[in-house]
Amino acid sequence: VVLPVLLLSASGDFGQLIWRELASILGVALLVVALAFCCCSLRHTCCEGMFNLPEPAPLVPPLCKNSQKTISVQRVLLIYNPNAGKRQAELILNGVVLPGLRKRGIDCDVVATERVGHACEIGMTSDLRSYQAAVTLGGDGTFHELVNGILARKDGQRVAVSLIPLGTGNGLSATLRQNMQRRGEEVSVWSELDSVLEWSLERIAGGRLASVDLLEVEVMNKRLVAVMQVYVGLLAELDLVAEPLRWMGPARFDLTSVWMILRKQAHPLECKLTFADGTSHACNLSCIGASVGLCQHFDDKLRAVPQAQLDDGLVEFSSISSDASVDQLMAGFLKLARGAHTEDQAIWESKQVTAVELRFERPGLFNVDGEVLEHDGLLRLRVLPGMMEMLVGKEEAESAAPAEDARHTAPWGADRKRWRMLALYALGCMANQAMWIGFAPIEAEVMDTFGASSTWVNLLSLVFMIVYLPANFPASYAMDVLGCRHALIIGATLQTVGALIRCVKPAAPGSAYLVMAGQTLAALGQPFFTDMPPKIAVDWFPPYQRVMADTIASLSMPIGAALGFVLPSAFGLQNMLYVHLIWTSAALLLILFCFNSSPSRPPSPESSHQHAGKSFGKELQAALCNGRLWCLICSFACGLGSFNTLSTLAAQLVGPFGFNSDAASAFGVACTVGGVVGAAVMSVIVGLTGKHKPVLATCCVNCVIFSALATLTVVYLGNSSRGFTLLLVAFAGLGFSATPLMPISFEAAVVVGHPTGEGTLAGLCMSGGQVLGITQTLLIGELLQRNRATTAWMLSGGLFVVALLAVCLFNPKKEAFTLPDERSECDSHSEEPSSSA
């Protein structure tokens, strides 16, 4: 891929025209071949791991037995790690945990850990007779230490245990909490910290007990117990490799996992497996990693062993084959969160056993519940059934049943038609964007044909921004109340009628008013498309695909705009109008006859928010009272407004410096290609990390940089071969940086703006962008008419700076807010503990 890109960049330096054209053609051909080769090489990753994900593994409750044993919890020993919770454990302890326990009538003695292994010492030496339970506030490692300390006591004292998760992994709490059952996706503790803390406190106060299994590990003549998992190979080394990247948070494990998959280091193992019926089986394996565990989860977002239960007397021995290709391993890694990787036996093999003996070629490392230890080449592991009494919640106790009886496929899931619905939406949206921008690249021809001024030509594009404001809220209402199908039919009908009116008379001075009328109708249909991405993502796609669906839907806008740049140069003014009519008519017919009202089954257990007409006004009012949402709207509006200005006036901005309409079209295409790549890259980053604010800030910084590069290029280099190349890079960089702002902002708005409808939230974001876009377009257009092109370029990227400042003020922590009732206006919303804790 790098070689053809370098060839395309250097093509402008060739002296003769024939060599420049040959270099360009060769570069494009090589680039197409390289991209096709990459897609073919990563076909499993793209198809199975990203776009066509298998259904989640059957859901299995965390417990198989309901002992119905309870105790009255009146006093607990609470051990907390001050470094947990991103060093805010003490703040969470004093602000939430202790008041919550007192509210439930529970006294608490608190001890802070001071070093590694301190929780084990506390569990081993403390007098437990006056406590009903011992609780940890921290990560899985702190809980592991406490359990090992209690089991190592010489006096045999035992007490029920529980944990309040504040670590990086939190695998045990994820298995108990069963987010896939509740929400349709695995989510981090930090994305729902308030509800996790409440759930933990209720488990402690409820006093329900479950006797869960432990895993005894014998190594180098020593014994210890594992609460969750024992890892070898890649899975064991992951913590060590990721440690230098701790500043990245949980995302460091994703990054290092990819690196270690690419390395694909094989680990030969001699295994002896003992099954529940007492039989044994010996085998030799070549794997890149293996685990022996009790939990369903490796961490709170990886449902790696979906059939495991905590009290069934069995342990899951799983191995990752070294014979699988890197492409297959990457696809399996992407399917881990939903447990769908277990269907591919060529990659992942799992067996239920009671004991495991592992022999290695040489001494090495293994990992027990996150603690990295050394082995001498031999590990013996066996299940200790019902060895530990743990406090569990009401849901866990009531759902308890053997896996073979309770295993069930979720009643929700991805509809196979969802991609078709997205494609139909994209077809109509691209047509609308092509109509919006179609006159800008051929401004001179439009002025000559219609006998109009430059201001009138700009108005053909500006009318989309002007009309958007009054049309926005009816469009949002239609989406949130009537649904996607009816909203798309209305929007497609408006733009088709507009395209038809533009073609009633051939392009001539007398048809100028018809063209403007047609543009206005198409502009009325615009918000029915531009507000749709988050709505269609929520209605049709499961949670783990919504960022991608939102991104693809949003990408249809710049792609349509790029086609709008190319069509007038390829067909001319009159034929372009006919192409728009055919395009919009086809989109209307396909939406009318092929777009379904709703999927065959809900995409997630959280049924989509049903909006009644009477609540629409209250939801809008609640959104307008949300300060965090306003920061996001300001950032989005500034970024979109400046990007729209550069798109609308691209030909006029580069024209005074010697660039023709063909060059303007090339810049538009470069902007679109960069936007596609940028949206794909940034959506993957957000999908893996869940971090909206850092990605938005990065995009805004890049927008400022590339806007400055474009300004300096046109001012100092002009229409030279190097100037054309740098300006092409600048437009591509602007597309790469600005295009992801839309889908990521939409997803962030849905998070911070719940329960307001998705269409309404997108409409608020888009409205701000249109207002600022109109203002900046008129201002820069006036400067261009006064031959102040340099000043216009300096102002063109000004809003990107404001967007960056607004992102810095944006607080993305997740918080649900209550709809205001008739008696209150903008009620102040109570603050919850920061997810950054």
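As shown above, the structure is provided for reference.
Residues numbered from 1 in each chain as written. Predicted model: local features only at pLDDT ≥ 70, side-chain atom pairs only at ≥ 80, totals over all residues. Heavy atoms only, no water.

**Describing empty space enclosed by the protein**
To find the voids left in a structure, one rolls a probe of water-molecule size over its atoms.
Part 1 of the reasoning: What the rule picks out here adds up to five cavities of 30 Å³ or more.
Part 2 of the reasoning: Considered as a void within the structure, the second largest cavity measures approximately 60 Å³ in volume.
Part 3 of the reasoning: Together, Leu 234, Glu 237, Met 260, Arg 263, Lys 264, Gln 265, His 267 and Ile 288 line the second largest cavity.
Part 4 of the reasoning: At the level of secondary structure, the elements contributing two or more residues to the lining of the second largest cavity comprise α11 (234–242) and α12 (251–263).
Part 5 of the reasoning: Residue classes in the lining of the second largest cavity are distributed as three nonpolar, two polar and three charged. (1 Å grid on protein atoms, 1.4 Å probe; cavity = no way out; pocket = protein on both sides within 12 Å on 5 of 7 lines; lining within 4 Å. Points joined across faces, edges and corners; volume = space filled by probe spheres on them. Helix = DSSP H or I, 4+ residues; strand = E, 2+ residues; numbered from the N terminus. Nonpolar A, V, L, I, M, F, W, Y, C, P; charged D, E, K, R; others polar.)

**Let's talk about the pairing of strand β7 (residues 222–226)**
Part 1 of the reasoning: Sheet analysis places strand β6 (residues 208–219) next to β7, joined by five bridges and oriented antiparallel. Each residue of the ladder has a partner; that of Leu 215, found in β7, is Ala 226.
Part 2 of the reasoning: Adjacent in sequence and paired antiparallel, β6 and β7 are bridged by two residues, among which Met 220 carries a positive phi angle near 50°. (Pairing = 2+ DSSP bridges.)

**Some remarks on the packing of aromatic side chains**
Part 1 of the reasoning: Summed over the entire model, instances satisfying the criterion amount to ten aromatic pairs.
Part 2 of the reasoning: With centroids separated by 5.1 Å and ring planes inclined at 90°, the aromatic side chains of Tyr 231 and Phe 298 adopt a geometry described as edge-to-face. With a gap of 67 residues between them, Tyr 231 in strand β8 (residues 229–233) and Phe 298 in the loop between β10 (280–293) and β11 (315–321) connect regions that are remote in the sequence.
Part 3 of the reasoning: Judged by relative accessible area, Tyr 231 falls into the buried class, the value being 10%. (Phe/Tyr/Trp six-rings, centres within 6.5 Å; stacked < 30°, edge-to-face > 60°. Buried < 20%, exposed > 50% of the residue type's maximum accessible area, 1.4 Å probe, protein only.)

**Some words on the pattern of salt bridges**
Part 1 of the reasoning: Counted by the stated rule, this structure contains 19 salt bridges.
Part 2 of the reasoning: Note that Asp 127 is salt-bridged to Arg 129, the shortest N-O span being 3.0 Å.
Part 3 of the reasoning: Notably, a salt bridge pairs Asp 539 with Lys 535, separated by 3.5 Å at the nearest N-O pair. In this pair, Asp 539 and Lys 535 both sit in helix α22 (residues 533–540), four residues apart, roughly one turn of the helix. (Salt bridge = Lys/Arg side-chain N within 4 Å of Asp/Glu carboxyl O.)

**Regarding the nonpolar core**
Part 1 of the reasoning: Counting residues in each nonpolar core, the largest one holds 57 residues, and the members touching the most others are Tyr 425, Met 532, Ile 536 and Phe 595.
Part 2 of the reasoning: If one sorts the elements of this core by residue count, helix α31 (residues 741–753) sits on top with seven residues.
Part 3 of the reasoning: Residues within four places of Tyr 425 in sequence aside, it is in contact with Leu 488, Phe 529, Met 532, Pro 533, Ile 536, Ala 553, Ser 556 and Met 557. (Core = buried A, V, L, I, M, F, W, Y, C linked by side-chain atoms within 4.5 Å. Contact = heavy atoms within 4.5 Å.)

**A closer look at the packing of helix α29 (residues 692–716) against helix α33 (residues 789–796)**
Describing two packed helices takes the angle between their axes plus the distance from one axis to the other.
Part 1 of the reasoning: In the contact formed by α29 and α33, the axes pass within 9 Å of each other and the chain directions differ by 170°. As summarised for this structure, α29 and α33 are arranged roughly antiparallel, according to the angle between their axes. Contacts from Ser 707, Ala 710, Thr 711, Val 714 and Val 715 of α29 reach α33 at Thr 790, Trp 793, Met 794 and Ser 796.
Part 2 of the reasoning: Considering only residue class, the contact of α29 with α33 consists of five nonpolar, four polar and no charged. (Axes fitted to C-alpha atoms, helices over the stretch in contact; angles between N-to-C directions. Parallel < 35°, antiparallel > 145°, perpendicular 65-115°, else oblique.)

**Some remarks on the environment of Gly 377**
Part 1 of the reasoning: Inspection of the secondary structure assignment puts Gly 377 in the loop between β15 (371–375) and β16 (378–392).
Part 2 of the reasoning: Along the chain, Gly 377 and Leu 358 lie 19 residues apart, while their C-alpha atoms are 8.0 Å from each other.
Part 3 of the reasoning: Gly 377 has contacts with Leu 358, Arg 359, Phe 360, Arg 362 and Pro 363, leaving out every residue within four places of it along the chain.

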